[in-house]
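# Geometric and topological summary
Okay, here's what each chain looks like letter by letter:
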Amino acid sequence: HKDAYQVILDGVKGGAKEKRLAAQFIPKFFKHFPELADSAINAQLDLCEDEDVSIRRQAIKELPQFATGDNLPRVADILTQLLQSDDSAEFNLVNNALLSIFKMDAKGTLGGLFSQILQGEDIVRERAIKFLSTKLKTLPEEVMTKEVEEFILTESKKVLEDVTGEEFVLFMKILSGLKSLQTVSGRQQLVELVAEQADLEQTFNPSDTDCVDRLLQCTRQAVPLFSKNVHSTKFVTYFCEHVLPNLSSLTTLVEGLDIQLEVLKLLAEMSSFCGDMEKLESNLKKLFDKLLEYMPLPPEEAENGENAGNEEPKLQFSYVECLLYSFHQLGRKLPDFLTAKLNAEKLKDFKIRLQYFARGLQVYIRQLRLALQGKTGEALKTEENKIKVVALKITNNINVLIKDLFHIPPSYKSTVTLSWKPVQKADASQKRASEDTTSSSPPKKASAGPKRDARQIYNPPSGKYSSNLGSFSYEQRGGFRGGRGRGWGGRGNRSRGRIY
């Protein structure tokens, strides 16, 4: 029978009919001829690369039948390479074949996938990573055992030594979806991975877009992992010491992104989960100084009443919400900062600024409430009203925090939900409206509101809350360009600096 099988193998060199028969019979009798295993796999592989698409599809469909014993990692490797196919039916067959051998031997299949991710062509690497990020979560628990998850973590760490920004985001999705990493210690491990990737030991260069994008990309991945038990201290410290003092010099290549506001939002979200900080007083001082920059003193008496309105300082509500919230969170750890660590003159100056800001706030809050009065459902979904709903949240939040700081001594007891975060207990229609503003598409500028009074309301903080209402789509940032070592652009001799 061996000779007969050899004839079938030789059929791959024949015409279309012989090849079609070979594509079916080589896998069918494969298990009976272990001594011809190599020849059989190579013959089937030739058919997988045939010019005739129907022969290719047939050959690919049968590949899982070769995935026995020691042959499985090789078949997984071959299937991974075949992910580069641009024929959609063929691509789907490859996906299905990979999933079927996954159920036979998950570790063996992963071995083939990771070998191509580490050493394969760029297109194969890219598609293998996307396969893992979309398909792993669909596999049942009996396939995704603890041992398999540990193997994924070990191999992922090797890949993470040299990745682009886009690849990093996908790997964080893969790893944070693993059941074994849902625990506190698992989350802690992930935060450490992100911190390593963010390279928090390096000197921060605000004018290097790659350095800035890398830090933001990593921080965005870390934020969902923080909790009361998994602390953000290392990141908050880095932001206070290196990023805040350079806030105005930050640069980015992401069009339409208010980079300063993005940084302040991330800091605010992290500040709730900050643990014990070594240089708490000095970092609180940096935060306080930055807050003062956005809390203007009352203007001098205007001589010309006609233009008095234009001479009012602009109140940048979104910036102040973030800075005030972060200060309020960290201030809890050093409650006597304002009274014991600041001199009396400085505290008096701060209270004047708070008072002036609070007065401006009251005017806005009244106007916003008036504008939204009686509006429900569909009426709240218009672009203009969505802006007003979020603006009201921002101004209410600042109001609550300012009231706390006006206590004698200052209090840090109030809790607020940051304006861009979903509210747990809220009026359903308002909640819907606020959720509608958190789409992943970039929000539109709101400076062209048709109503004069609306423009009056939104002009002072233009571009600060009005154009940045949505939450940022954390995965839709570009790849990381430039030879930055550690891979967020230059990957050895082959650059993987792709952009979404």
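All values derive from a computational prediction rather than experimental measurement.

### A closer look at the overall build of the chain
- Each helix and strand in the chain was counted, giving 22 helices and two strands.
- Counting all 500 residues of the chain, 51% fall into the buried class.
- Partitioning the contacts of the chain with sequence separation of at least 6, the portion at a separation of at least 24 is 73%.
- Accessible surface, the chain as shown: approximately 24,000 Å² in total, 49% of it carbon and sulfur.

### Describing the confidence of the model for the chain
- The predicted model of the chain averages 83 in pLDDT, with 82% of residues at 70 or higher.
- In this model residues 489–500 is a low-confidence stretch, pLDDT under 50, and it forms 50 contacts with partners more than four residues away in sequence or in other chains.

### Details of the environment of C211
- Residue placement: C211 occurs in helix α12 (residues 209–222).
- Each C-alpha atom of the pair C211 and T252 lies 9.5 Å from the other, and the pair is 41 residues apart in sequence.

### A look at the side chain of E167
- Position of E167 relative to the elements: it lies in helix α10 (residues 165–176).
- What makes E167 buried here is its relative accessible area of 2%.
- At 3.0 Å, the side chain of E167 forms a polar contact with the backbone nitrogen of T164.

### Some thoughts on unusual backbone geometry
- Of note, the amide linkage connecting I408 to P409 takes the cis form, showing an omega dihedral of -10 degrees.
- Position of P409 relative to the elements: it lies in the loop between α20 (383–406) and α21 (428–436).
- In this structure, D199 takes a positive phi of about 55 degrees despite not being glycine.
- As for its position among the elements, D199 is in the loop between α11 (184–198) and α12.
- Take D199: its relative accessible area is 23%, and that puts it in the partly exposed class.

### Describing the packing of aromatic side chains
- A complete count under the given rule lists 14 aromatic pairs for this structure.
- These aromatic residues form a ring-pair network of at least three members: F288, F327, F337 and F350.

### Notes on the nonpolar core
- If you look at the biggest cluster of nonpolar residues, it comprises 140 residues, and the most contacted ones within it are I26, L79, I152, F235, F327 and L338.
- A per-element tally of this core places helix α17 (residues 317–331) first, with nine residues.
- For I152, the contacting residues outside a window of four places in its chain are L110, F114, L136, M144, I174, L175 and L178.
- One finds L368, L372, L380 and A391 within the second-largest nonpolar core, a separate group that totals seven residues.

### Let's talk about the pattern of salt bridges
- One pass over the full model with this rule turns up 23 salt bridges.
- Its salt-bridge partner being K130, residue E166 comes within 3.5 Å of it at the nearest N-O pair. With E166 in helix α10 and K130 in helix α8 (residues 122–135), this residue pair connects regions lying 36 residues apart in the sequence.
- Judged by its relative accessible area of 34%, K130 falls in the partly exposed class.
- Bridged by salt links that share partners, the residues E126, K130 and E166 form one connected network.

### Section: the packing of α10 against α11
- Interhelical geometry of α10 versus α11 gives an angle of 170 degrees and a closest axis separation of 11 Å. What the angle tells us is that α10 and α11 run roughly antiparallel. Contacts between α10 and α11 pair F168, M172, L175 and S176 from the former with R187, L190, L193, V194 and Q197 from the latter.
- Class assignment for the residues of the contact of α10 with α11 results in six nonpolar, two polar and one charged.

Rules of the game
- Residues numbered from 1 in each chain as written.
- Predicted model: local features only at pLDDT ≥ 70, side-chain atom pairs only at ≥ 80, totals over all residues.
- Heavy atoms only, no water.
- Helix = DSSP H or I, 4+ residues; strand = E, 2+ residues; numbered from the N terminus.
- Buried < 20%, exposed > 50% of the residue type's maximum accessible area, 1.4 Å probe, protein only.
- Contact = heavy atoms within 4.5 Å.
- Areas by Shrake-Rupley, 256 points an atom, 1.4 Å probe, with all protein chains shown as cover.
- pLDDT = per-residue confidence, 0-100.
- Polar contact = N/O pair within 3.5 Å; in protein donor to acceptor, adjacent residues only side chain to side chain.
- Phe/Tyr/Trp six-rings, centres within 6.5 Å; stacked < 30°, edge-to-face > 60°.
- Core = buried A, V, L, I, M, F, W, Y, C linked by side-chain atoms within 4.5 Å.
- Salt bridge = Lys/Arg side-chain N within 4 Å of Asp/Glu carboxyl O.
- Axes fitted to C-alpha atoms, helices over the stretch in contact; angles between N-to-C directions.
- Parallel < 35°, antiparallel > 145°, perpendicular 65-115°, else oblique.
- Nonpolar A, V, L, I, M, F, W, Y, C, P; charged D, E, K, R; others polar.

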